[in-house]
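Take a look at the letters that make up each chain.
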Amino acid sequence: MMNQAERIEAMERLPEHLGEFVSVIFVNQFNKRKCIRGKLKEVTPYSNVVVTHLERVPEEIQDMDIFQGRKIMKSTTGIPFLGLPDAIMSIHAKDGSVLYDNELVHPFYNPHFFPNRDENGRLRIGEDHNDGKAYAERTRELSFGRR
């Protein structure tokens, strides 16, 4: 685990790893722990990373003209360091070394955002956007100090 100073130093050094193969472990918009493995394409310190990776095409849409029968496609995904509620937990190099870690981020790290469905089956995220935004800002300050 990294303390705040180590996390800030790691954040500043992440751009040195552009083009390298990394694993990004993050909390997605449904508060589920996910991992993307691919090449680090972009780093915007304190904001987000962009990773180019391979992604499996669901069988039910492989026959669509756009996929031309392909089962795997190249994809690019941006992941915020601290979003609402998606956020990066850690980034690891190909050799397993930790490039970035934030123990303040975990599934349901922001208690104001949780996925559920309304009576019509539409997805709702959390109850109070303003409280969730304030909570994320407090987490950002604890993670990186006042920036």
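Because the structure is predicted, anything quoted here is derived from the model rather than measured.

Description of the confidence of the model for the chain
Taken as a whole, the chain shows an average pLDDT of 88; of its residues, 90% reach a score of 70 or greater. Mean pLDDT values for the elements of the chain range from 61 in strand β8 (residues 123-125) up to 98 in strand β6 (residues 98-101).

Thoughts on the pairing of strand β2 (residues 33-44)
Pairing analysis gives seven bridges linking strand β1 (residues 21-27) to β2, with the strands arranged antiparallel. Bridging across to β2, Val 22 finds its partner in Gly 38. Adjacent in sequence and paired antiparallel, β1 and β2 are bridged by five residues, among which Asn 31 carries a positive phi angle near 60 degrees. Pairing of β2 with strand β3 (residues 48-56), which is carried by five bridges, proceeds in the antiparallel orientation. Counterpart to Lys 39 in the pairing with β3 is Thr 52.

What to know about the side chain of Ser 75
Tracing the backbone through its elements, the reader meets Ser 75 in strand β4 (residues 72-80). A relative accessible area of 14% means that Ser 75 is categorised as buried. Within polar-contact distance, the side chain of Ser 75 engages the side chain of Glu 55 at 3.1 Å. Those residues in contact with Ser 75 that sit more than four places away from it in its chain are Val 51, Thr 52, His 53 and Glu 55.

Rules and cut-offs
Residues numbered from 1 in each chain as written. Predicted model: local features only at pLDDT ≥ 70, side-chain atom pairs only at ≥ 80, totals over all residues. Heavy atoms only, no water. pLDDT = per-residue confidence, 0-100. Helix = DSSP H or I, 4+ residues; strand = E, 2+ residues; numbered from the N terminus. Pairing = 2+ DSSP bridges. Buried < 20%, exposed > 50% of the residue type's maximum accessible area, 1.4 Å probe, protein only. Polar contact = N/O pair within 3.5 Å; in protein donor to acceptor, adjacent residues only side chain to side chain. Contact = heavy atoms within 4.5 Å.

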